[in-house]
Amino acid sequence: MNSAFWRYTLILSVLFIFWGQFFVSDGFFNQLTFNFALFYPLGFLVGYRPRLENLRSAYLAAFLFNLLSYLVAGISGIPIESWTMVGLDFLSLVVFLKVGMIMGRRAQSKE
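Reading guide: rules and limits
- Residues numbered from 1 in each chain as written.
- Predicted model: local features only at pLDDT ≥ 70, side-chain atom pairs only at ≥ 80, totals over all residues.
- Heavy atoms only, no water.
- Core = buried A, V, L, I, M, F, W, Y, C linked by side-chain atoms within 4.5 Å.
- Buried < 20%, exposed > 50% of the residue type's maximum accessible area, 1.4 Å probe, protein only.
- Helix = DSSP H or I, 4+ residues; strand = E, 2+ residues; numbered from the N terminus.
- Contact = heavy atoms within 4.5 Å.
- Expected span 1.5 Å × (residues − 1).
- Polar contact = N/O pair within 3.5 Å; in protein donor to acceptor, adjacent residues only side chain to side chain.
- Phe/Tyr/Trp six-rings, centres within 6.5 Å; stacked < 30°, edge-to-face > 60°.
- Lys NZ or Arg CZ within 6 Å of the ring centre and 35° of its normal.

Undergrad: Honestly, the nonpolar core in this entry has me stumped. Any pointers?
TA: Where a protein is soluble and globular, its nonpolar side chains tend to be buried together. Counting 18 residues, the largest nonpolar core has Tyr8, Leu12, Leu38, Phe39, Ala62 and Leu97 as its most contacted members. Sorting the residues of this core by element identifies helix H1 (3-20), helix H2 (28-48), helix H3 (52-75) and helix H4 (83-110) as the ones contributing at least two each. Among all residues touching Leu38, those that are not within four sequence positions of it are Leu12, Leu15, Phe16 and Phe65.

Undergrad: I tried to follow H1 on my own but got confused; where do I start?
TA: Spacing of three or four residues puts side chains on the same side of an α-helix, whose turn is 3.6 residues. Between its first and last C-alpha, H1 extends 25 Å over 18 residues, near the 26 Å set by a 1.5 Å rise per residue. Taken together, the buried residues of H1 touch H2 and H3.

Undergrad: Help me out: how do you make sense of the environment of Phe44 in this one?
TA: Examined against the element boundaries, Phe44 turns out to sit in helix H2. Taking the C-alpha atoms as reference points, Phe44 and Tyr70, 26 residues apart in sequence, are found 24 Å from one another.

Undergrad: What exactly am I supposed to notice about H4 here?
TA: Here H4 is 28 residues long and its end C-alpha atoms lie 41 Å apart, about the 40 Å a rise of 1.5 Å per residue gives. Looking at H4, one finds that the buried residues are Val86, Asp89, Phe90, Ser92, Leu93, Phe96, Leu97, Gly100, Met101 and Gly104. Along its buried surface, H4 packs onto H2 and H3. Put simply, Ser82 is the residue that caps the front of H4, since its side-chain oxygen is 3.3 Å from the backbone nitrogen of Thr84.

Undergrad: What should I look at first to understand the packing of aromatic side chains in this one?
TA: Two aromatic rings are characterised by how far apart their centres lie and by the angle between their planes. Within this structure, the stated rule accounts for 11 aromatic pairs. Between Phe18 and Trp19 the ring centres are 4.9 Å apart and the planes differ by 75 degrees, which places this aromatic pair in the edge-to-face class. Of the residues examined, Trp19 reaches a relative accessible area of 28% and is grouped as partly exposed. Judged by centre distance (5.4 Å) and plane angle (80 degrees), the ring pair of Phe36 and Phe96 falls under edge-to-face. Linking Phe36 in helix H2 with Phe96 in helix H4, this pair joins segments that are 60 residues apart in sequence. The exposure class assigned to Phe36 is partly exposed, which follows from its relative accessible area of 37%. In textbook terms, an aromatic cluster arises when at least three aromatic residues are bridged by ring pairs, as seen for Phe36, Tyr40, Phe44, Tyr48 and Phe96. Of note, Arg7 hangs over the ring of Tyr8, and the distance from its end group to the ring centre comes to 5.5 Å.

Written as structure tokens, this is what we have:
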């Protein structure tokens, strides 16, 4: 794994620690907002400096980070209430990461 993967994982971890204190209640819209707060900034950074290795590393880091968060929740005894929510969680990950990349490319092209 390259340094971009570890850098993106570190960014996601810091964002998770920061935003995790604000989003503590359950609900679909709360999960969407939390995913936006995590994955949009990562997508923006990747879009701002587009390279193929960064794109792959960002998607890999985001998917593994999300998967590990569910694994840790399962191991610690927190029940997963709805598998549909898990699917929507991963779908929103892809959408917010892609939107962030598009906005990052736009910001970079304006300079």
